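Chain and residue survey
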Amino acid sequence: MLSKNEIVAALKQLIDPQRVLSEPEDIVTYSYDGTPHLTGAPAAIVHPVNTQEISNLVKWAYENEVPVVPRGSGTGLSGGSVPIQGGIVLSTVRMDRILEIDEENLTLLAEPGVITGNLAAEAAKRGLFYPPDPGSMKISTIGGNVVENSGGLRCLKYGVTEDYVLGLEVVLPDGEIFWTGSKSKKDVAGYNLKKLLVSSEGTLGIVTKVLLRLIPPPAATKTLLAFFPDMVSAGRAVAGIIAGKIIPCTLEFLDHVTINCVEDYSQIGLPRESGGLLLIQTDGHPAQVDEEAEKIRTICIEHGATEVRVAQTPEEGEKLAQARRMALASLARRKPTTILEDATVPRSKVPEMLAFIEQVRDKYQLEIGTFGHAGDGNLHPTCLTDERDTEEMERVEQAFDEIFKKAIQLGGTVTGEHGVGCVKSKYLPMMVGETGIKVMRRIKQIFDPTGVLNPGKIFFDEKKEETVSA
Ligand SMILES: Cc1cc2nc3c(=O)[nH]c(=O)nc-3n(C[C@H](O)[C@H](O)[C@H](O)COP(=O)(O)OP(=O)(O)OC[C@H]3O[C@@H](n4cnc5c(N)ncnc54)[C@H](O)[C@@H]3O)c2cc1C
């Protein structure tokens, strides 16, 4: 095994030494991501600027059996870019160019380190629309979004990142460079490796270019905010809207705890007694949007809404949407540690899952606020805690164990958008079964026979987990 000094010296031969970091403050900076309670120290951090540099770096690491952990902006919530087994952190943030916007084929080609919000803004300047909008889009990279298959507020109508990926350039763990996919809307040539690489969480290859599909933007959008006495009636209103053949672009909820945290923080006039809030946005042709907004308002009232606010202008719409946008920040102010989870269930099971989360919260005496994407059953139970309190952290773990088991039992999943990383790896066998794990391990073996790329992620390895945990 190479020493840290040997690794750093070798990396400085491969790229500009100024782009190899290894000072103690660098190690700390790249030792964590957005996941609480998880760290790992890399030997060095590299900032390549093109595909060939990535290929050279990865090839060297492969030949010397040094782990490589790809990293975008480090906003991941499942520990994906944390170097839990040391090695090299390979940051893509210097590869941040949009290489082409093709207005005839409606595509955009970008390097992996482009910030998703910037990419969407560049598309908008040409009158085009990139719909996936993860809450982190102002800071997360498109490369991170692709390999996590990130979702967002608009995914009920527009789908998730994978629905917009047409092609990828990838560096394999042995340094070989390959391209998968094309600008053709229809392409069924061979196995769909592009789809396999989407959601691969940096364990199969390093994405070095992303070819995305763009669409024309909707002509109009209307925003509504509806308040309910409890989440059960809010859940029924959600079912009523969908049964009314309306697919809003956004259908989000906040529970009672979250409404009050937002109001404490921002005083935007949310009724504190409300048991649940729905933020609903409909978009499309102006006449259709007006008609749908009116239907949604009626359905909410029929299902017990105590108040429905309908924005009359886009600016008013922005104000109404603030409540949802501030949910996480408002909850996070309460305690030193915020654990945001993403248990997901079929839409019809949302009320049952929410009731269960409340039971678990009371059983383990924890502070949990829940918000999320009601339209696609993606819930974010958010535990407000303090990681220094080991006894409480044990209760948090037990509570989430129960929540994930319940999500699976209801036909859902342990993660709807944050990925498995290392924090969900112990639940994956429960989710996909023994055969599922066996097939996934074989796929990993084909792409990465020596296991140098992002080790310790997706697959649970008790021994290694014990030796490297923070
Ligand atoms: C406030 C907040 C809000 C969020 N909201 C959402 C949301 O609405 N929806 C959602 O889905 N997620 C959300 N997330 C989670 C997170 O932002 C996403 O998973 C995002 O896609 C991660 O992008 P990143 O650039 O930060 O990647 P990182 O966190 O740096 O990396 C994530 C994973 O991708 C791998 N990786 C990164 N770049 C590459 C590459 N070029 N090639 C191969 N592997 C790579 C890493 O190894 C790691 O496994 C949120 C996070 C925060 C902190």
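A brief report on the enclosed structure follows. Here the residue index of a chain counts from 1 through its sequence in written order. Local features in this predicted model are restricted to residues of pLDDT 70 or higher, and side-chain atom pairs are both shown and tallied only at a pLDDT of 80 or more, whereas totals for entire chains, interfaces and linings draw on every residue. The basis for every side-chain value is the complete set of non-hydrogen atoms in the structure, without hydrogens or water.

With that settled, the discussion passes to empty space enclosed by the protein. Think of a ball as big as a water molecule: rolled over the atoms, this probe shows where empty space is left. Using protein atoms alone on a 1 Å grid, points that fit a 1.4 Å probe yet trap it form a cavity, whereas open point sets bounded by protein on both sides within 12 Å along at least five of seven lines form a pocket; residues with an atom within 4 Å of a point count as lining. Grid points are joined across faces, edges and corners, and a volume is the space filled by probe spheres set on the points. The full count for this structure, using the stated rule, is 1 cavity of 30 Å³ or more. Here the largest cavity defines a volume of roughly 30 Å³. Forming the boundary of the largest cavity are Val-46, Leu-57, Val-58, Val-68, Ile-88 and Leu-90. Among the elements of the structure, α3 (51–63) and β4 (88–91) are those that each provide at least two residues to the lining of the largest cavity. Helix numbering and strand numbering both begin at the N terminus, where a helix is a DSSP run of H or I of at least 4 residues and a strand a DSSP run of E of at least 2.

Assignment of secondary structure puts Ser-31 in the loop between α2 (24–29) and β2 (44–46). Through-space distance from the C-alpha of Ser-31 to that of Pro-42 is 6.7 Å; in sequence the pair is 11 residues apart. In this description, contact between two residues means that some pair of their heavy atoms is separated by no more than 4.5 Å. If we ignore the near neighbours within four places in the chain, the residues touching Ser-31 are Leu-38, Thr-39, Gly-40, Pro-42, Val-82 and Pro-83. N or O atoms closer than or at 3.5 Å make up a polar contact, with two conditions inside protein: a donor-capable atom paired with an acceptor-capable one, and, for residues adjacent in sequence, both atoms drawn from side chains. For Ser-31, the side chain forms a polar contact with the main-chain oxygen of Val-28, separated by 2.7 Å.

With that settled, consider the sheet that holds strand β8 (residues 177–181). Sheets are built from strands paired through backbone hydrogen bonds, the pairs being either parallel or antiparallel. Strand pairing is assigned whenever DSSP identifies at least 2 bridges connecting the two strands. Here we have 5 strands laid out as an open sheet, ordered β5-β6-β9-β7-β8, and antiparallel in their pairing. Edge positions in the sheet fall to β5 (98–102) and β8, since each has one partner strand and no second. Strand-to-strand twist in this sheet, taken as the mean axis angle between neighbours without regard to direction, amounts to 10°. Two elements, strand β7 (residues 165–171) and β8, share 5 bridges in a ladder whose sense is antiparallel. Here an angle of 0 to 180 degrees is reported between the N-to-C directions of two axes, which are lines fitted to C-alpha atoms, with helices fitted over the stretch in contact.

The subject of this paragraph is the packing of aromatic side chains. Stacked, edge-to-face and tilted are the three classes for Phe, Tyr and Trp ring pairs, Trp counted by its six-membered ring, which pair at centre distances within 6.5 Å; planes under 30 degrees apart are stacked, over 60 edge-to-face, the rest tilted. Scanning all chains against the criterion turns up 4 aromatic pairs. For the ring pair Phe-129 and Tyr-158, a centre distance of 5.4 Å and an interplane angle of 90° mean the geometry is edge-to-face. With Phe-129 in the loop between α4 (116–125) and α5 (142–148) and Tyr-158 in helix α6 (residues 155–158), this residue pair connects regions lying 29 residues apart in the sequence. Type-normalised accessible area, obtained with a 1.4 Å probe on protein chains alone, sets the label of each residue: buried when under 20%, exposed when over 50%, and partly exposed for intermediate values. Judged by its relative accessible area of 13%, Tyr-158 is buried.

As summarised here, the arrangement of the 4 strands in space is β1-β2-β4-β3, forming an open sheet in which the pairing is mixed. Every interior strand has two partners, whereas the edge strands, β1 (20–21) and β3 (68–71), have only one. Note that β1 and β2 share 2 bridges and pair antiparallel. Across the sheet, residue Val-20 finds its bridge partner in β2, namely Val-46. Contacting β2, β3 and β4, α3 runs over the sheet at an angle of about 165° to β4.

A word on the nonpolar core. Phe-228, Ile-241, Leu-278, Ile-280, Cys-300 and Met-353 are the most contacted members of the largest nonpolar core, which has 46 residues in total. Those elements that place two or more of their residues in this core are β10 (220–228), α8 (231–243), β11 (250–255), β12 (276–284), α10 (286–302), α13 (350–363), β16 (378–385) and α14 (390–409). With 7 residues, α14 is the single largest residue contributor to this core. What marks off one domain from the next here is an automatic or database domain assignment. Residue contributions to this core reach at least three from each of two domains, namely domain 2 (220–326) and domain 3 (335–409). The definition of a nonpolar core used throughout is a set of buried Ala, Val, Leu, Ile, Met, Phe, Trp, Tyr and Cys residues joined through side-chain atoms within 4.5 Å.

We now examine the site of the ligand. Note on terminology: near, applied to a residue and a molecule or strand, indicates that one of the residue's heavy atoms is within 4 Å of it. Close contacts around the ligand come from 33 residues, with Pro-70, Thr-75, Gly-76, Ser-136 and Thr-141 the closest. The separation between an oxygen atom of the ligand and a polar side-chain atom of Ser-150 is 2.8 Å. Using the Shrake-Rupley algorithm and a 1.4 Å probe, accessible areas are obtained, with residue cover drawn only from the displayed protein chains. Summarising the interface, the protein chains cover 92% of the accessible area of the ligand, which totals 980 Å² for the free molecule. Among the elements of the structure, β3, α5 and β9 (206–213) are those that each provide at least two residues to the shell around the ligand. The element best represented in the shell around the ligand is α5, accounting for 5 residues. Under this grouping Gly is polar, as are all residues other than the nonpolar Ala, Val, Leu, Ile, Met, Phe, Trp, Tyr, Cys and Pro and the charged Asp, Glu, Lys and Arg. Here the shell around the ligand is built from residues that sort into 8 nonpolar, 21 polar and 4 charged.

Where charged atoms from two side chains of opposite charge approach closely, those side chains can pair. Here, a salt bridge means any Lys or Arg side-chain nitrogen found within 4 Å of an Asp or Glu carboxyl oxygen. The full count for this structure, using the stated rule, is 31 salt bridges. Between Glu-162 and Lys-195 there is a salt bridge, and its shortest N-O distance comes to 3.7 Å. Of this pair, Glu-162 sits in the loop between α6 and β7 while Lys-195 sits in helix α7 (residues 193–197), and the two are 33 residues apart along the sequence. Taking the relative accessible area as the measure of exposure, Glu-162 reaches 25% and is therefore partly exposed. Ionic pairing is found between Lys-424 and Asp-342, a salt bridge with its closest N-O pair at 3.0 Å. Taken as a pair, Lys-424 in the loop between α14 and α15 (428–447) and Asp-342 in the loop between β14 (337–340) and α13 lie far apart in primary sequence, 82 residues in all. Taken individually, Lys-424 and Asp-342 each receive the classification buried, so the pair is uniform in this respect. One salt-bridge network, held together by shared partners, links Asp-264, Arg-272, Arg-334, Lys-335 and Glu-367.

What follows deals with the packing of α13 against α14. Contact geometry for α13 and α14: axes closest at 10 Å, N-to-C directions at 160°. As far as their axial angle goes, α14 and α13 are roughly antiparallel. Seen along the crossing, α13 lies across α14 with a hand that is right-handed. Touching Glu-352, Met-353, Phe-356, Ile-357, Val-360 and Lys-363 of α13 are Ala-399, Glu-402, Ile-403, Lys-406 and Ala-407, all from α14. Grouping the constituent residues of the contact of α13 with α14 by class yields 7 nonpolar, no polar and 4 charged. Orientation is classified from the angle alone, with under 35 degrees giving roughly parallel, over 145 giving roughly antiparallel, 65 to 115 giving roughly perpendicular, and any other angle giving oblique. Two helices crossing with the near one rotated counterclockwise from the far one by less than a right angle form a left-handed crossing, whereas a clockwise rotation gives a right-handed crossing.

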